[in-house]
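Listed here are the chains, written in short residue letters.
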Amino acid sequence: MRTILIVLGVWILINALIVLIMIPPRKPRKSGPRQTGALAPVPIDQNGHPFEEQEKPLLRHVIISIAMGAFFSLAPPLIEAVDSVKRFIRKRRG
């Protein structure tokens, strides 16, 4: 049961980080004639290569990588500390 709760907590944390940090906010639509069912026109660069330019590291990516690294590196010691506190309390009672 504890393992399921840990996995569920990690899954929720990762999803929250992705939704809150990685996905940029939606930009408001420009007012104008509304087309239904039509795709937005996109200019095509005939001379460009799809992997030509490097993506810049965004602050969002840095925050997510630090948060996930901290969570996964600190989770085992925190779980061990909780277990040792529980054992200490049990010894004091009994």
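These lines cover the structure that appears in this document, whether it is placed above or below. (Residues numbered from 1 in each chain as written. Predicted model: local features only at pLDDT ≥ 70, side-chain atom pairs only at ≥ 80, totals over all residues. Heavy atoms only, no water.)

A few words now on a nonpolar patch on the surface. Among the surface-exposed residues, Met1, Leu5, Leu8, Trp11 and Ile12 lie close enough to one another that they form a single nonpolar patch of about 590 Å² accessible area. Summarising the element assignment, Ile12 is placed in helix H1 (residues 2-22). For Ile12, a relative accessible area of 47% corresponds to the partly exposed category. (Patch = residues over 30% accessible without salt bridge, like charges linked within 9 Å, V, L, I, M, F, W, Y side chains within 5 Å. Areas by Shrake-Rupley, 256 points an atom, 1.4 Å probe, with all protein chains shown as cover. Salt bridge = Lys/Arg side-chain N within 4 Å of Asp/Glu carboxyl O. Helix = DSSP H or I, 4+ residues; strand = E, 2+ residues; numbered from the N terminus. Buried < 20%, exposed > 50% of the residue type's maximum accessible area, 1.4 Å probe, protein only.)

The way to describe two aromatic rings as a pair is by their centre distance and the angle between their planes. All told, the structure shown has 1 aromatic pair when counted by the stated rule. Aromatic side chains Phe71 and Phe72 sit 5.3 Å apart centroid to centroid with 75° between the ring planes, which places their arrangement in the edge-to-face category. (Phe/Tyr/Trp six-rings, centres within 6.5 Å; stacked < 30°, edge-to-face > 60°.)

On to helix H2 (residues 59-93), then. Working note: α-helix, 3.6 residues per turn, so residues spaced by three or four point in the same direction. In a regular helix each residue adds 1.5 Å, so 35 residues correspond to 51 Å; H2 covers 49 Å between its end C-alpha atoms and thus fits that length. Remark: the principal bend of H2, roughly 40°, maps to Ala75, with a proline, Pro76, within the next four residues. (Expected span 1.5 Å × (residues − 1). Bend = angle between axes of the 7 residues up to and from the residue.)

Moving on, we come to the environment of Phe71. Mapped onto the secondary structure, Phe71 falls in helix H2. Counting along the chain gives 58 residues from Phe71 to Leu13, while the straight-line C-alpha distance between them is 9.3 Å. Beyond its immediate chain neighbours, meaning those up to four positions away, Phe71 contacts Val10 and Leu13. (Contact = heavy atoms within 4.5 Å.)

Keep in mind these values describe shape, not function.
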